[in-house]
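Chain by chain, the residues run as shown.
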Amino acid sequence: MGSQAMMNPLDPEEFRRQAHVVVDFLADYYLNIENYPVCSQVEPGYLTKTMPQSAPLQPQPIETILQDVQKHIIPGLTHWQSPGFFGYFQSNASTGNFLGEMLLTGFNSVGFNWLASPAATELEMVVMEWLLKLLQLPKSFSFSSDGGGVIHGSTCESFVCTLVAAREKKLSQREADFGMLVVYCSDQTHFSLQKACQVVGISPNNVRSIQTKKSMNFQLSPDALLTAIESDVRAGLVPLYVCLTLGTTSTTAVDPLLALSEIAKRFLMWVHVDAAYAGSACICPEFRHFLDGVEGANSFSFNPHKWFLTTLDCCCLWVKDQTDLTKALSNDPELLKNKASDTKNVVDYKDWQIALSRRFRAMKLWMVIRSYGVTGLQGVIRKHVKLAKHFEALLIADKRFEVVVPRNFATVCFKVLAPNASNEDSKRLTQALLDSLNASGLVYMTHAVIEGVYVIRVAIGATLTEEKHVRMLWDMVQEHATHLLASCADIE
Ligand code: PLP
C-alpha cells in the first residue's frame, strides 16, 4: 500500500484495486461454498482466543486481512448461502443485490429527509410503488392515496413503528390509560412482536397470545380472537392492535385475514399483517390469494431479505394512512429545517422510522428488481416451491415419516414415525435425525415444536439450491433414518 493511500482512505485507485481483490475473494467463496460445513462447527470462544488482544497500530494490506478472513472467520460462519442451507427461513443473496449494496455503500448518502438525498427518498417511493403493484396491494396503501411505503431494517422495527402509530391514534381518539391498551396475536406469531411490545412499553400482561390448533392448521381463529377481545372489553380494557401472519415462522400458516380484520374493525383496532417470509411468494399470481383480505389491514410488511434475492437488511412496510406513522414518529429540529420539508410536499423518511439516519436500501432492491425482472423473481419462488412440493411428496410416500402440516409455500415440516412409538419416542427420534443430518455438515435444518410435537423444518430457498441438493437431502434423510430406526430396533 503506497503512502498516498494511507493518507487517503478513499484513494480511487487503491479503492479500485482492493475492491477487485474482495470481489475475487467472494467469487471464490461462492465457488467453493459446498466445501464448508453448512453450520459452523467451532466451539464458543474460538475466535476470541485466536485474535490479537488489541487493535493493530499500523495499517495492514488487504491480502493479509483476507488471509485471516479465510483462516479465522470462514470456519466460524454458518453458510446461509450454501445450497445445503435449509434452516430457519433463508436469507437469499444475489449478484444484483450485491452490486446494489456496493453502490449504496459507495455513495453512503444518509437520506433522513428528502433534501439530504432526494434520489434516496424518491427511489424508495418508486420501488415501494412497484412492489405494491407487484403484490397487488390495495390502492389505499399507495402514495397516490393517503398511504405509502417505507423500507425498514427488520420486521421488529415495523412492529415497533406501527404499535406506536396505533397507540397514538387510539389515545388521541379516546380517553384511555396507556396501561389499558391490549395487543392480540396468536401463539404462532413471531416472537419479535412480544419484543416490540416490550420496547413500546406494553406489558406482557396486556399481550394476548391466542392458542392455535393443529386441527385448524395453526391459523388464528376468528372466534377465539372475538372471545378474547370481548373478555377484555368487559374488563374495561381497550383493544389496540392485532398482528395477523401470512406465513408463520414454525409452519407457514396463513391467518384468515378478512374474517379477522373485520372483527378488529368492529373494535376500532389497528390491524397489521406480517408476511415476513411468504409475502415474496405473493408476486406470483397463483399465490396472490393468500393476501386476500389485506385490504382490511392498516399496515402490511414483508422481508425481501428472506426470499427476494435481497440481503439483510430490508423490510418493506406499507401503511394506509401515512399520517398515522408521521404523527407518532416525526419531530422538527431546527438543524434539519429546509424549504422542501416546509412545503409538506416531500417525504421525510426520518418520520417513518425509529432512527434518524438511514441506509439507501432502495438502491439494492431496485437493482434486484431490475437485474432479474418480475419473471426472474417469480421463477425463483416457483423453483423453490416446486422443489418443496417434490420433497413433501417423497416424505408422504414413505411410511417412516409424517408431514405434520400441509405445505403452503417452500417449507416442509415433518417428523419420524416408528411402529408403536409414543409422541415422546417420535420426538427423540426426530431430534436425533436432525442432529445426525446437521452433523454431516452437508445440510442444515432447524426445528419447531407445534402443539407439543417436535418437527424438522426444511426451508427450501437458498439461491444456490438446485434439484440435486434436494435429492441429496432426501437420500440423506432416508439413509440416516434407516440407521436410526435400526439402532432403536436393536435396543428393543
Ligand atoms: N415475522 C415472521 C413471520 C418471521 O418469520 C420473522 C423471521 O423469521 C420475523 C417476523 C422477524 O423478522 P426480522 O428479523 O426482520 O425482524
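None of these values were measured; they are calculated from a predicted model.

About the criteria used
Residues numbered from 1 in each chain as written. Predicted model: local features only at pLDDT ≥ 70, side-chain atom pairs only at ≥ 80, totals over all residues. Heavy atoms only, no water. Helix = DSSP H or I, 4+ residues; strand = E, 2+ residues; numbered from the N terminus. Buried < 20%, exposed > 50% of the residue type's maximum accessible area, 1.4 Å probe, protein only. Contact = heavy atoms within 4.5 Å. Near = heavy atom within 4 Å. Polar contact = N/O pair within 3.5 Å; in protein donor to acceptor, adjacent residues only side chain to side chain. Areas by Shrake-Rupley, 256 points an atom, 1.4 Å probe, with all protein chains shown as cover. Pairing = 2+ DSSP bridges. Axes fitted to C-alpha atoms, helices over the stretch in contact; angles between N-to-C directions. Phe/Tyr/Trp six-rings, centres within 6.5 Å; stacked < 30°, edge-to-face > 60°. Lys NZ or Arg CZ within 6 Å of the ring centre and 35° of its normal. Expected span 1.5 Å × (residues − 1). Bend = angle between axes of the 7 residues up to and from the residue. Parallel < 35°, antiparallel > 145°, perpendicular 65-115°, else oblique. Left-handed = near helix turned anticlockwise from the far one by under 90°. Nonpolar A, V, L, I, M, F, W, Y, C, P; charged D, E, K, R; others polar.

Right, let's talk about the environment of asparagine 113 for a bit. Take asparagine 113: it is sitting in the loop between helix H5 (95-107) and helix H6 (118-134). By relative accessible area, which is 4% here, asparagine 113 ends up buried. A C-alpha to C-alpha distance of 18 Å links asparagine 113 and aspartate 324, two positions 211 residues apart in sequence. Residues in contact with asparagine 113, not counting those within four places in the same chain, are Thr121, Leu336, Asn338, Ser341, Val347, Asp348 and Tyr349.

Below, the discussion takes up the site of the ligand. Around the ligand, the structure places 13 residues, and the nearest of them are Thr155, Thr249, Asp274, Asn303 and Lys306. At 3.1 Å from an oxygen atom of the ligand is found a main-chain nitrogen or oxygen belonging to cysteine 156. Histidine 305 places a side-chain nitrogen or oxygen 3.3 Å from an oxygen atom of the ligand. Bound to the protein, the ligand loses 84% of the 400 Å² it would expose on its own.

Let us look at the sheet that holds strand E9 (residues 411-416). The sheet built from four strands is open, its strands ordered E8-E9-E11-E10 with antiparallel pairing. With one partner strand each, in any of the chains shown, strand E8 (401-403) and strand E10 (446-450) form the two edges of the open sheet. Put simply, the sheet's adjacent strands are angled 40° from each other on average, direction ignored. With five bridges joining them, E10 and strand E11 (residues 453-459) adopt antiparallel strand pairing. In the sheet register, isoleucine 450 faces E11, and the bridge partner there is valine 453. This element, helix H14 (residues 362-397), spans E8, E9 and E11 of the sheet and lies at about 15° to E9.

The way to describe two aromatic rings as a pair is by their centre distance and the angle between their planes. The tally for this structure, following the rule as stated, stands at 20 aromatic pairs. Judged by centre distance (6.3 Å) and plane angle (75°), the rings of phenylalanine 391 and phenylalanine 414 are edge-to-face. Of this pair, phenylalanine 391 sits in helix H14 while phenylalanine 414 sits in strand E9, placing them 23 residues apart in sequence. On the basis of relative accessibility, which here comes to 0%, the residue phenylalanine 391 falls in the buried class. Classification of phenylalanine 414 by relative accessible area gives buried; the value is 0%. Every member of this aromatic cluster is reached through a ring pair, and the members are Phe89, Tyr277, Phe287, Phe290, Trp307 and Phe409. Its guanidinium or amino end placed over the ring of phenylalanine 89, arginine 457 lies 4.8 Å from that ring's centre, counting from NZ or CZ.

The next point concerns unusual backbone geometry. The step from leucine 312 to aspartate 313 runs through a cis peptide bond, and the omega angle for that step is -5°. Tracing the chain through its elements places aspartate 313 in the loop between helix H11 (304-307) and strand E7 (315-319). Unlike most non-glycine residues, tyrosine 88 shows phi in positive territory, near 40°. Relative to the helices and strands, tyrosine 88 is located in the loop between helix H4 (62-73) and H5.

If you trace the backbone, lysine 415 turns up in strand E9. The residues contacting lysine 415, other than those within four sequence positions of it, are Arg400, Phe401, Glu402, Val404, Asn423, Ser426, Thr430, Val453 and Tyr454.

For the rest of this paragraph, the subject is H14. Side chains three or four residues apart in an α-helix point the same way, a direct result of the helix having 3.6 residues per turn. Between the first and last C-alpha of H14 there are merely 44 Å, a value that for 36 residues lags more than 12% behind the 52 Å anticipated at 1.5 Å per step. Taking the largest bend as the criterion, H14 deviates by roughly 90°, centred on glycine 373.

Here helix H7 (residues 155-173) crosses helix H8 (residues 192-200) at 50°, and the two axes come no closer than 9 Å. The angle between H7 and H8 places the two elements in the oblique class. Handedness of the crossing formed by H7 with H8: right-handed. Contacts between H7 and H8 involve Cys156, Phe159, Val160, Leu163, Val164 and Arg167 on the former and, on the latter, Ser192, Leu193, Lys195, Ala196, Cys197, Val199 and Val200. Counted by class, the contact of H7 with H8 contains ten nonpolar, one polar and two charged residues.

The strand order across the open sheet formed by seven strands is E1-E7-E6-E5-E4-E2-E3, and the pairing between neighbours is mixed. The open sheet has two edge strands, strand E1 (148-152) and strand E3 (207-210), and neither has a second partner. Ignoring which end each strand starts from, the neighbouring axes of this sheet average 20° apart. One ladder, built from five bridges, connects E1 with E7; its direction is antiparallel. Paired with histidine 152 across the strands is cysteine 315, a residue of E7. On top of the sheet, H6 reaches E1, strand E6 (299-302) and E7; it is set at about 80° to E7, its chief contact. Running over the sheet, helix H9 (residues 222-234) touches strand E2 (181-186), E3 and strand E4 (238-245) and is turned about 165° from E2.

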